[in-house]
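Spelled out from the first residue to the last, the chains are:
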Amino acid sequence: MATEKQKRNTVGYLWDTLYGWHDTGTGGNAPANPAQGLQPVNRHFSSPEPKRRLHELVQVSQLRTHLTNLSAKPATKTQLERIHSTQHINSMLQQSQLPKGGDCGDGGSPFGQGGADIAMLSAGGAIEMTRAVLDDVVDRGYALINPPGHHAERNRGLGFCLFNNASAAASFALEERGLERVAIVDWDVHHGNGTQDIWWEDDRVLTVSIHQDRNFPVDSGFVEERGTGKGKGFNLNIPLPPGSGDLVYETALTEIVVPALKDFKPELIILSTGYDAAMMDPLGRMMVTTSGYFNMTQTLRAAADTLSEGKLVVVQEGGYCQYYVPFCGLAVLESLTGENSGFKDEYAEIVEGQIRNTFTHEQIDYLKKAYTSHFGEGSPALESLVPSTNDGAV
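Since the model is a prediction, treat every value here as computed from it, not as a measurement.

### Observations concerning the overall build of the protein
In step 1: A tally of regular secondary structure across the protein gives 13 helices and 10 strands.
In step 2: Relative to its length of 394 residues, the protein is compact, with a C-alpha radius of gyration of 20 Å against a globular reference of 21 Å.
In step 3: With respect to the principal axes defined by its C-alpha atoms, the protein has extents near 60 × 55 × 50 Å.
In step 4: Per-residue burial over the protein gives 58% buried out of 394 residues.
In step 5: Distance between charge centres in the protein, computed from 32 positive and 48 negative side chains, equals 4 Å.

Structure below.
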């Protein structure tokens, strides 16, 4: 007979108005500078607009009644010091007090006055969702937070990220709830370099990044990066060539990520979800659709059900197309809740007509390289990773 926990299907949801107030300036790939011909633009790439629109779409959808709303509170400095150096934290806090704010660390990631306070609320949102899942307040949850975090390394911010939200959540689970193994799976189009850096020498966290090869940062995210010391073998990179779509991503997840999770046996899975691998995104060159995000979430949710008693925390990362991001996020929430939102993907006809649901030899080679790096040569599963092909597309 099913237990009360098995019968219920509660999904936490977290958003704070201040996430939509995070100021990222008026530049594009660099701050506006008339002397260099860089005109100010209405919205920076990392404007909160796509995430705000996602939140509002959720609120007018049928999913609204199937979500348990949770509130964020800021991460403490002590919680952040578990994953970041005090020097980095102080730098973000000091710059945040300036009249015009500061920069995360790469010269192209501005944040306005008070930006570090919102970033601490973002990290705190990830922690609060993790708390709710681990304390059985909800079964799984979606923290729609901003600014993102997966590029923030131990000693510096980068790529629109001040503090590493997913790592703050993982550290909370390890240090404050006594877990021994946490997996962070990142399918943002950009390499999760910050998450990799923070857990590089730690065998308690399996870090997995599926990303566009050499997009950002251009000098990281290669399959040879495996961790060092106790952490050797606990970092898995799956770089994919531009043009990879639903089939490639779904295969990477089912044939590489899920087996790696089974080997690791996590007590909690944290998903860093970015929607910049989607069609139409200005900062990625991938071709994932809402159907792809739905199917990938189904796969990861099933893995969590089998391996970690269903404990799955979804943490928002990037995504820069204000038109398509809301529908991608809605698809993930439909998977998490098992409910229909009442809306169909209004862009499906446009984007699906531009993709071929096939493999190319280049994509197969990338997948096999990642597989071999983690599992080694000679595995019987390697040859069946993808169908055999002739030259050209499969």
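Now that the structure is up, let's keep going.
### A short note on the pairing of strand 2 (residues 67–70)
In step 1: Bridge count between strand 1 (residues 11–14) and strand 2: four bridges; the pairing is parallel. Considered in strand 2, the bridge of leucine 14 is made with leucine 70.
In step 2: Following the backbone out of strand 1, through helix 2 (residues 49–59) and into the adjacent parallel strand 2, one traces a crossover that is right-handed.

### A few points about the packing of aromatic side chains
In step 1: Within this structure, the stated rule accounts for eight aromatic pairs.
In step 2: Ring centres of phenylalanine 327 and tyrosine 347 lie 5.8 Å apart, and the angle between their planes is 70°; on these two criteria the pair is classed as edge-to-face. Of the two residues, phenylalanine 327 is situated in helix 10 (residues 325–337) and tyrosine 347 in the loop between helix 10 and helix 11 (348–352); the sequence distance between them amounts to 20 residues.
In step 3: With relative accessibility at 16%, the residue phenylalanine 327 sits in the buried group.
In step 4: Ring-pair connections join several aromatic residues into one group, and the members of that group are Trp187, Tyr275 and Tyr293.

### Some details on empty space enclosed by the protein
In step 1: Enumeration according to the criterion identifies two cavities of 30 Å³ or more in this entry.
In step 2: As a volume, the largest cavity reaches approximately 60 Å³.
In step 3: What lines the largest cavity is a set of 13 residues, among which Ser46, Lys51, Asn146, Pro148 and Tyr320 lie closest to the centre.
In step 4: Of the residues contributing to the lining of the largest cavity, the split by class is four nonpolar, seven polar and two charged.
In step 5: If you add up the space inside the second largest cavity, you get close to 50 Å³.
In step 6: Taken together, Ile184, Asp186, Gly192, Thr195, Gln196, Thr207, Val208, Ser209, Asn235, Leu236 and Asn237 make up the lining of the second largest cavity.
In step 7: Of all elements in the fold, only strand 6 (182–186), helix 7 (193–198), strand 7 (205–212) and strand 8 (235–240) reach the threshold of two or more residues within the lining of the second largest cavity.
In step 8: For the lining of the second largest cavity, the class distribution of residues is three nonpolar, seven polar and one charged.

### A look at the nonpolar core
In step 1: Counting residues in hydrophobic clusters, the biggest one holds 107 residues, and the most contacted among them are Ile238, Ile270 and Tyr293.
In step 2: Sorting elements by how many residues they give to this core places helix 5 (residues 115–134) first, with 12 residues.
In step 3: Each residue touching isoleucine 238, except ones within four places of it in the same chain, is listed here: Val208, Ser209, Ile210, His211, Ala252, Ile256, Val257, Leu367 and Ala370.

### Comments concerning unusual backbone geometry
In step 1: Of note, the amide linkage connecting asparagine 146 to proline 147 takes the cis form, showing an omega dihedral of 10°.
In step 2: With respect to the element layout, proline 147 can be found in the loop between strand 5 (140–143) and helix 6 (165–175).
In step 3: Put simply, phenylalanine 216 and proline 217 share a cis peptide bond, and its omega is -15°.
In step 4: Relative to the helices and strands, proline 217 resides in the loop between strand 7 and strand 8.
In step 5: The phi torsion at arginine 214 lies on the positive side, around 55°, for a residue other than glycine.
In step 6: Structurally, arginine 214 is set in the loop between strand 7 and strand 8.
In step 7: Residue classification places arginine 214 among the partly exposed positions, given a relative accessible area of 48%.
In step 8: With phi around 55°, glutamate 309 is a residue other than glycine that occupies positive phi space.
In step 9: You can call glutamate 309 exposed: its relative accessible area is 63%.

Basis of the calculations
- Residues numbered from 1 in each chain as written.
- Predicted model: local features only at pLDDT ≥ 70, side-chain atom pairs only at ≥ 80, totals over all residues.
- Heavy atoms only, no water.
- Helix = DSSP H or I, 4+ residues; strand = E, 2+ residues; numbered from the N terminus.
- Rg over C-alpha atoms; globule rule 2.2 N^0.38 Å.
- Buried < 20%, exposed > 50% of the residue type's maximum accessible area, 1.4 Å probe, protein only.
- Lys, Arg positive; Asp, Glu negative; His and termini not counted.
- Charge placed at Lys NZ, Arg CZ, Asp CG, Glu CD.
- Pairing = 2+ DSSP bridges.
- Right-handed = clockwise from strand over helix to strand, strands pointing away.
- Phe/Tyr/Trp six-rings, centres within 6.5 Å; stacked < 30°, edge-to-face > 60°.
- 1 Å grid on protein atoms, 1.4 Å probe; cavity = no way out; pocket = protein on both sides within 12 Å on 5 of 7 lines; lining within 4 Å.
- Points joined across faces, edges and corners; volume = space filled by probe spheres on them.
- Nonpolar A, V, L, I, M, F, W, Y, C, P; charged D, E, K, R; others polar.
- Core = buried A, V, L, I, M, F, W, Y, C linked by side-chain atoms within 4.5 Å.
- Contact = heavy atoms within 4.5 Å.

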